[in-house]
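Architecture at a glance
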Amino acid sequence: CSPPQTPEIHPQRMNPWLTLGVVGGAVMLGVRLFQAQRVGAKSVVRALNPRIHEADAQGLVLRMELAVDNPTTTSVRVSKPVVTLMTEGRFLASSPPSTRTYEIRPLAQTELDTIEIVIPWMALSGYLTSVIARIPQLVAEHRATGQLSFEALAVPLEYRYSLYVGDFFYESPTERLV
């Protein structure tokens, strides 16, 4: 009695069109990743006109505009950045996330919408006594200019932003705001 014979398995070759599609997709993904990384690495994002917009029962309302300088020859779509404010490395507040996107033109500066951040009073509790002591100076500055600068508060502020460049997440290093 001989053992049952197993069918012989012949390796099949992949369809050449499928191979082309897989390789082409991988190349396209690689190119997009490289472009997004290059734009993210070479672009400069700056906070323009950071200011105290108002003080209300919730806390201080800060506003700023962000500008993206794109020195590359590649345009890219980015999401609206989420800006995180910190003081001496500790989290204070952040802007709410948004589904809004922007086209960052090549070799140009693109200004994004106004970013608004509410810093709760409790987050500033460690600096409250120095802010209270500066109220006369704050009132004088507000009367003279119609707004308040961060420098008037004497609270050290840093910020970082995070966004999507194309489909890839990017988070900036922390930068000093005041």
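The paragraphs below set out a description of the structure included in this document. Model, not experiment: these values are computed from the prediction.

This paragraph deals with the overall build of the chain. Across its full length, the chain holds four helices and 10 strands. The secondary structure elements of the chain, listed N-terminal to C-terminal, are α-β-β-β-β-β-β-β-α-α-α-β-β-β. For the chain, the proportion of its 178 residues judged to be buried stands at 34%. For the chain, contacts bridging at least 24 residues in sequence account for 62% of all contacts bridging at least 6.

The buried fraction of strand E2 (residues 59-70) amounts to 10 of the 12 residues, a majority that puts the element mostly inside the structure. Relative to E2, strand E1 (residues 44-55) runs antiparallel, the two being bridged by nine bridges. Looking across to E2, one finds that Arg-46 is bridged to Ala-67.

Further remarks concern the packing of aromatic side chains. Overall, the coordinates contain two aromatic pairs when judged by the stated rule. Ring centres 6.2 Å apart and planes at 45° place the aromatic pair Tyr-161 and Tyr-170 in the tilted group. Residue Tyr-161 is classed as buried on the basis of its relative accessible area, which comes to 5%. For Tyr-170, a relative accessible area of 26% gives the class partly exposed. For the pair Tyr-164 and Phe-169, a centre-to-centre distance of 5.4 Å together with 65° between the ring planes defines the contact as edge-to-face.

Another point: the layout of surface pockets. In this approach the atoms are scanned with a rolling probe the size of a water molecule, which exposes any empty space left behind. Quantified by volume, the largest pocket comes out at close to 190 Å³. The wall of the largest pocket is formed by 14 residues, among which Ile-52, Glu-54, Ala-55, Leu-60 and Leu-148 lie closest to the centre. Within the residue set of the lining of the largest pocket, elements represented by two or more residues are E1 and helix H3 (135-145). Take the lining of the largest pocket: its biggest share by element is five residues, from E1. Partitioned by chemical class, the residues of the lining of the largest pocket number eight nonpolar, four polar and two charged.

Tallying each qualifying case throughout the model produces six salt bridges. Asp-113 serves as the salt-bridge partner of Arg-100, at 2.2 Å between the closest nitrogen and oxygen. Here Arg-100, found in the loop between strand E5 (90-94) and strand E6 (101-104), pairs with Asp-113, found in strand E7 (residues 108-120); they are 13 residues apart in sequence, far enough to count as distant. When the shortest N-O distance is used, the salt bridge between Arg-160 and Glu-171 registers 3.3 Å. Of the two residues, Arg-160 sits in strand E8 (residues 158-165) while Glu-171 sits in strand E9 (residues 168-171), which places them 11 residues apart along the sequence.

Take the nonpolar core next. Soluble globular proteins: nonpolar side chains tend toward being buried together. Formed by 35 residues in total, the largest nonpolar core has its most connected members in Met-64, Val-83, Leu-85 and Leu-177. No other element matches E2, which puts five residues into this core. Apart from residues lying up to four places away in sequence, Leu-177 is in contact with Ala-47, Pro-50, Met-64, Leu-85, Phe-150, Leu-157, Glu-158 and Tyr-159.

Take the environment of Val-131 next. Mapped onto the elements, Val-131 comes out in helix H2 (residues 128-133). The sequence separation of Val-131 and Ala-152 amounts to 21 residues, and the corresponding C-alpha distance is 8.7 Å. Once you skip the residues sitting within four places of it in the chain, Val-131 turns out to touch Leu-138, Leu-153 and Val-155.

Turning our eyes to something else, we now look at the sheet that holds E2. In spatial order, the strands read E1-E2-E7; together these three strands make up an open sheet with antiparallel pairing. With partners counted over all chains shown, the strands left at the sheet margins are E1 and E7, one partner each. Going from strand to strand, the sheet's axes swing by 20° on average, the running direction of each strand aside. For E2 and E7, the ladder comprises 11 bridges, and the chain directions are antiparallel. Following the sheet pairing, Leu-60 is matched in E7 by Ile-119.

Reading the values: the criteria
All residue numbers refer to position in the chain's written sequence, counted from 1. This being a predicted model, a pLDDT of at least 70 is required before a residue's local features are given, and a value of 80 or more before pairs of side-chain atoms are given or counted; all residues contribute to the totals for chains, interfaces and linings. Note: side-chain values were computed over all heavy atoms of the structure, leaving out hydrogens and water. Every helix listed is a DSSP run of H or I at least four residues long, and every strand listed is a run of E at least two residues long, numbered separately from the N terminus. Partly exposed describes any residue whose relative accessible area lies between the buried limit of under 20% and the exposed limit of over 50%, with all areas from a 1.4 Å probe on protein chains only and scaled to the type maximum. What makes two residues a contact is simply this: any of their non-hydrogen atoms within 4.5 Å. Strand pairing follows a simple DSSP-based rule, namely that at least 2 bridges must link the two strands. Centre distance within 6.5 Å is the pairing criterion for rings of Phe, Tyr and Trp, where only the six-membered ring of Trp is used; planes under 30 degrees apart are then read as stacked, over 60 as edge-to-face, and the remainder as tilted. The distinction between a cavity and a pocket rests on a 1 Å grid over the protein atoms alone: a 1.4 Å probe fits inside a cavity but cannot get out, while a pocket stays open yet meets protein on both sides within 12 Å along at least five of seven lines, and a residue with an atom within 4 Å of a point counts as lining. Grid points are joined across faces, edges and corners, and a volume is the space filled by probe spheres set on the points. Here the nonpolar group is Ala, Val, Leu, Ile, Met, Phe, Trp, Tyr, Cys and Pro; Asp, Glu, Lys and Arg are the charged ones; every other residue, Gly included, is treated as polar. Salt-bridge detection follows one rule: a side-chain nitrogen of Lys or Arg within 4 Å of a carboxyl oxygen of Asp or Glu. As used here, the term nonpolar core means buried Ala, Val, Leu, Ile, Met, Phe, Trp, Tyr and Cys residues forming a set that is joined through side-chain atoms within 4.5 Å. Helix axes are fitted only over the stretch in contact, all axes being lines through C-alpha atoms; the angle between N-to-C directions runs from 0 to 180 degrees.

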